Amino acid sequence: MTSIQSTLGEGDKDIAEELAKGQREISIAEFFEKNKHMLGFDSGARGLVTAVKEAVDNALDATEEAEILPDIYVEIREVDDYLRLVVEDNGPGITKEQVPKVFGKLLYGSRFHAREQSRGQQGIGISAAVLYSQLTSGKPARVTSRTQGKPEAQYFELVIDTDTNEPEIKASRETSWDRSHGTRIELEMEANMRARTQLHDYIRHTAVVNPHARLELREPGLDEPMKFERATDQLPEPTEEIRPHPHGVELGTLRKMLAATESYSVSGFLQEEFTRVGKKTASKVIDNFRDRHFGRELSWTPPGTHEGVDLVAVVDEAVSNKGADATADFADRIADVVSNHERITHHEVQAVVDTCADEVESETGTRFGSTVRENTVTAVWAAVTGVGGDGAEETETDGGDRLTADCYAIVDEVTSTRKDDATKQGMAERLARKVSALDDGRHRLTHRGLTELVDAAADDTVEYDDVTFGQTARENVVESVWSRAQTVPDDPPKVKEVIDDRDCARALLEAMRETDILAPPTTCLSPISDDLIEAGLREVFDADFYAAATRDAEVHAGDPFVVEAGIAYGGELAAEGSVDLLRFANRVPLVYQQGACAITGVVKDIGWRNYGLDQPGGSGIPNGPAVVMVHVASTNVPFTSESKDAVANVPAIEDEVELAIREAARELKSYLNRRRSMQKRRKKQEVLGKILPEMADKLSEVTGRERPNIDGALARIMNNVSVERVVEGDTVTLVVENYSGRAEQPEVTDILAAEPNGVNGDAQVVDLDGEWFVKWSPSVPAGETAKLSYTLPEDTDFDIAVDGVEAEKLTVNT
């Protein structure tokens, strides 16, 4: 494409300067002033819901951080042509200096850099609501805040200067307030109540995942306030900030951290700047780093005397002018140690030579200097590899030299038996030739370098021998050689060197990602827990069944996360239409963009028919009287946009969402199966209850005998637990017979109008305002009978209640 400048004539040289004059920095406030839809303020209806959401989320965060049980009041009033939103909380309050910045400056907050779970992180939410308010009504936000222990509250009227992204204070004074501590914000905005359903859903769903909070909403048109009392006095577990995890860092971030650290060594840097990295883990990372930065050294089988290689003679020849006895001792030691290695590398030969030299020096006083040591290493390594000290092979590559023999053993071990010996031999010879030609002589290669070397040897074999040597065989050879190679002992580069070398930093990053490191600690997270999810569902939804599941923590991009799911079924829930899907992230309801959310996609893909819910077509949101909720708690929830309405499609999170839902759904399936079974029992029992008396009457009529007693027959036929009262004079006996196939422990309570005497067993006897309660909890094995007896004055009223056994499995004859 032709540039504008290339089309300009000589007289237009100042056009660039003119264009430059029109360029200026854009403040974040000015950007969102023109793009408020990105934050969820794209209409009057949604703007109101978003403003409520941001204010309530801030209030919940503030109260929890101060370990205060939240009391949050939300009121919406009609004022002229606008709606006035008031949100009050009982939090710790905000200091006078911070109020203008918190409410009047975008991207101002305390949580953005903190790796711990919180509702808000970017410092945009509540200040964006202030910005929307002033844009649509032209009126300032009114903020009242009182910190604990202060006699007066601070009152501000403020707007945001969008050119500078700074608060502009219109009024400021001290004022009295009936709250001892807390914050109140008033916003007037051009809005409407068309999203009343979404607003109510937000408040209702907030109560579900924040059962420790008391919420109240007043709005035009409500006959009475919408109130949700707290279902528990248990505050969420406080979170702790954690350092980044090595598996979640990107190259640019790593280089920035390297530049900022005070550590000189890479080991110190890893231990100081990352979570889950101690001394041992740092050593593993550094070993992997060495593999990438220096490469590994290939290892080979040491020669034996049966091969005609005399290591003692090799060392003798390499050492001169050190005395016969010292030289012989030196040579014997080296030959003994090297021969005892199954495989050996160049740096191991170096270590053996240095150790033996030090030992002989200590014992004989004969000094073996660096030149002697270097010559010895060269000679021994040549004997190990069968390659001369000048890098040339001592023999032709006909399969008789040591390097080729070692390579052949590897190729033969890992390649298919269908490859003939000539192919393996040709590959081994070419691989050995290319290894022996390596420049440094130490046979050091990175994994990539080794792959290229094996590929080159295989290509030559294919080309010159007219055979096949496929990708799988090549990969097997590479991995076999690499597994035999050893990490070098060289000191890793210092932090300063890594900063200045991009490739070196990348090698460190890859080493961090490859190393198996414990998942980040979950003290930075505060999941709701199974019990409190159920408590929240019970508080808001009147259902027959509740289940919840909390998964163990997992990691995505270095950020830990926990997924929880809950299900409510039956009761007063609407039987028609789709189930109610509730989505949450860090205890915040996601009201909009349900179709764009990964949670929704997972719910649609689950086969709900397997769990007892109707699902037309076998996919999509299921139908039935149920509520399905999913909560994702993370230090960094991946949202699809700045409005934070939908969770992005991250496979790791989607997998955990599915597992959590299925775990809760299995309980639902068991409940529905049990309920269907009980319904069948009930129908059968009803039929038998009608037929048995008729059969007894007919039998008496036909036989001419007395009508048989059928009181226990129904229980026996249905395999029920039977409870029968037998009264003989002043003695009352409750006979509990277990006809079922398992042990039962019913709770039998007899309610009496007079005090009982002679109560047997472990019964509890309680007097409540003239009524006597006798409670007995016998354990009755299958096919056995238990008896509870006591004495009473004759003609005493009594009633019975039996718990602990499902109604369909219980027959009471009293």
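Computed from a predicted structure; not experimentally measured.

A. Examining the overall build of the protein more closely. Helix and strand counts for the protein come out as 23 helices and 24 strands. Residue pairs in contact within the protein that sit at least 24 positions apart in sequence constitute 70% of those at least 6 positions apart.

B. Quick look at the pairing of strand 7 (residues 214-218). Examined bridge by bridge, strand 1 (residues 71-79) and strand 7 share five bridges and lie parallel to one another. Residue pairing for strand 7: Ile72 is matched across the bridge by Leu215. Where strand 7 lies against strand 8 (residues 226-228), three bridges are found, and the strand directions are antiparallel. Counterpart to Glu216 in the pairing with strand 8 is Lys227.

C. A look at the side chain of Thr261. Tracing the chain through its elements places Thr261 in the loop between helix 7 (251-260) and helix 8 (266-273). Here Thr261 falls in the buried class, since its relative accessible area comes to 13%. The residues contacting Thr261, other than those within four sequence positions of it, are Phe269, Glu273 and Val495.

D. Main features of the sheet that holds strand 18 (residues 731-738). On the basis of which strands lie adjacent, the open sheet formed by four strands has the order 22-18-17-24 and mixed pairing. A single partner strand is all that each edge strand has here, and the edge strands are strand 22 (785-791) and strand 24 (810-813). The mean angle between the axes of side-by-side strands here comes to 15°, regardless of whether they run parallel or antiparallel.

E. Representation of the confidence of the model for the protein in the model. Confidence in the prediction for the protein averages 86 pLDDT; 90% of positions are at 70 or higher. Across residues 390-400, where pLDDT falls below 50, the model places 19 contacts with residues more than four positions away in sequence or in other chains.

F. Examining the packing of aromatic side chains more closely. As enumerated under the stated definition, the model contains six aromatic pairs in all. Residues Phe330 and Phe368 carry aromatic rings whose centres are separated by 4.4 Å and whose planes lie at 35° to one another, so their mutual orientation is tilted. With a gap of 38 residues between them, Phe330 in helix 11 (residues 324-339) and Phe368 in the loop between helix 12 (346-364) and helix 13 (370-385) connect regions that are remote in the sequence. For the pair Phe330 and Phe368, one class covers both residues: buried. Among the aromatic residues, ring-to-ring pairing joins Phe545, Tyr569 and Tyr671 into one connected group. Between Lys419 and the ring centre of Phe469, over which it is positioned, the NZ or CZ distance is 5.4 Å.

G. Geometry of the packing of helix 12 against helix 13. Packing of helix 12 against helix 13 brings their axes to within 9 Å, and their N-to-C directions diverge by 135°. Judged by the inter-axis angle, helix 12 sits oblique to helix 13. Taken as a pair, helix 12 and helix 13 cross one another with a handedness that is right-handed. Contacts between helix 12 and helix 13 involve His346, Val349, Gln350, Val353, Asp354, Ala357, Asp358 and Glu361 from the former and Arg373, Thr376, Val377, Val380 and Trp381 from the latter. In terms of residue class, the contact of helix 12 with helix 13 is made up of six nonpolar, three polar and four charged.

H. Spatial organisation of a negative patch on the surface. Among the surface-exposed residues, Asp310, Asp316, Glu317, Asp332 and Asp336 lie close enough to one another that they form a single negatively charged patch. If you list the elements that add at least two residues to the negative patch, you get helix 10 (311-318) and helix 11. Its place among the elements puts Asp336 in helix 11. Classification of Asp336 by relative accessible area gives partly exposed; the value is 48%.

I. Focus on the nonpolar core. In terms of nonpolar packing, the biggest core is built from 65 residues, with Phe103 and Ile185 touching the most fellow members. Tallying contributions element by element places helix 3 (residues 44-65) first for this core, with nine residues. Leave out the neighbours within four places in its chain, and Phe103 touches Ile94, Ile126, Ser127, Val130, Val143, Leu158, Ile160, Thr183 and Ile185.

J. Looking closely at the sheet that holds strand 8. Sheet architecture is open: eight strands sit in the order 5-4-3-6-2-1-7-8, paired in mixed fashion. The open sheet has two free edges, formed respectively by strand 5 (166-175) and strand 8, since each of these has just one partner strand. Across this sheet, the average inter-strand angle for adjacent strands is 15°, counted without regard to direction. The pairing of strand 3 (residues 141-146) with strand 4 (residues 153-161) spans five bridges and is classified as antiparallel.

K. Quick peek at unusual backbone geometry. At Asp80, a position not held by glycine, the phi torsion is positive, near 55°. Mapped onto the elements of the fold, Asp80 is located in the loop between strand 1 and strand 2 (82-89). We classify Asp80 as exposed; its relative accessible area is 71%. Residues other than glycine seldom take positive phi values, yet Asn165 does so here, at roughly 55°. Its location among the elements puts Asn165 in the loop between strand 4 and strand 5. Taking relative accessible area as the criterion, Asn165 reaches 8% and is therefore assigned buried.

L. Up close: the side chain of Asn586. By the secondary structure assignment, Asn586 is in the loop between strand 14 (580-585) and strand 15 (588-589). Note on Asn586: relative accessible area 6%, which makes it buried. At a separation of 2.9 Å, a polar atom in the side chain of Asn586 contacts the main-chain amide nitrogen of Ser634.

M. Spatial organisation of the environment of Ile185. For Ile185, the location among the structural elements is in strand 6 (residues 182-189). Separated by 100 residues in sequence, Ile185 and Leu85 have C-alpha atoms that sit 7.9 Å apart. In contact with Ile185, other than residues within four places in its own chain, are Ala55, Leu85, Val86, Val87, Phe103, Ile126, Val130, Arg142 and Val143.

N. Layout of the pattern of salt bridges. One pass over the structure, following the stated rule, counts 47 salt bridges. The structure contains a network of salt bridges with shared partners spanning Asp71, Arg214, Glu229 and Arg230.

O. Spatial organisation of helix 11. With 16 residues, helix 11 should reach 22 Å at 1.5 Å per residue; the first-to-last C-alpha distance of 22 Å fits that figure. By the burial criterion, the buried members of helix 11 are Ala326, Thr327, Phe330, Ala331, Ile334, Ala335 and Val338. Burial along helix 11 is one-sided: seen end-on, the buried residues are contained in an arc of 155°. Against helix 10, helix 12 and helix 13 lie the buried residues of helix 11.

P. Up close: helix 7. Among the residues making up helix 7, those that are buried are Leu251, Leu254, Met257 and Leu258. All buried residues of helix 7 project into a common sector of 125° when viewed along the axis, lining one side. The outward face of helix 7, more than 90 degrees from its buried face, is lined by the exposed residues Gly252, Lys256, Ala259 and Ala260. In this structure, the buried residues of helix 7 make contact with helix 8, helix 18 (495-500) and helix 19 (502-514).

Q. Inspection of the environment of Asp89 at higher detail. Tracing the chain through its elements places Asp89 in strand 2. According to the relative accessible area criterion, Asp89 is buried, its value standing at 8%. With 34 residues separating them along the chain, Asp89 and Ala55 place their C-alpha atoms 9.5 Å apart. Contacts of Asp89, omitting those with residues within four sequence positions, involve Ala59, Asp71, Ile72, Trp177, Arg179, His181, Gly182 and Thr183. A polar contact of 2.7 Å, which involves the side chain of Asp89, links it to the backbone nitrogen of Gly91.

R. Structural context of the pairing of strand 18. For strand 18, the buried fraction is high: six of the eight residues fall into the buried class. Note: strand 17 (residues 721-728) against strand 18, eight bridges, orientation antiparallel. Following the sheet pairing, Ser722 is matched in strand 18 by Glu737. The hairpin turn running from strand 17 into strand 18, its antiparallel successor, is two residues long, and Gly729 in that turn takes a positive phi close to 65°.

The rules behind each value
Residues numbered from 1 in each chain as written. Predicted model: local features only at pLDDT ≥ 70, side-chain atom pairs only at ≥ 80, totals over all residues. Heavy atoms only, no water. Helix = DSSP H or I, 4+ residues; strand = E, 2+ residues; numbered from the N terminus. Contact = heavy atoms within 4.5 Å. Pairing = 2+ DSSP bridges. Buried < 20%, exposed > 50% of the residue type's maximum accessible area, 1.4 Å probe, protein only. Axes fitted to C-alpha atoms, helices over the stretch in contact; angles between N-to-C directions. pLDDT = per-residue confidence, 0-100. Phe/Tyr/Trp six-rings, centres within 6.5 Å; stacked < 30°, edge-to-face > 60°. Lys NZ or Arg CZ within 6 Å of the ring centre and 35° of its normal. Parallel < 35°, antiparallel > 145°, perpendicular 65-115°, else oblique. Left-handed = near helix turned anticlockwise from the far one by under 90°. Nonpolar A, V, L, I, M, F, W, Y, C, P; charged D, E, K, R; others polar. Patch = residues over 30% accessible without salt bridge, like charges linked within 9 Å, V, L, I, M, F, W, Y side chains within 5 Å. Areas by Shrake-Rupley, 256 points an atom, 1.4 Å probe, with all protein chains shown as cover. Salt bridge = Lys/Arg side-chain N within 4 Å of Asp/Glu carboxyl O. Lys, Arg positive; Asp, Glu negative; His and termini not counted. Charge placed at Lys NZ, Arg CZ, Asp CG, Glu CD. Core = buried A, V, L, I, M, F, W, Y, C linked by side-chain atoms within 4.5 Å. Polar contact = N/O pair within 3.5 Å; in protein donor to acceptor, adjacent residues only side chain to side chain. Expected span 1.5 Å × (residues − 1). Arc of directions from axis to C-beta.

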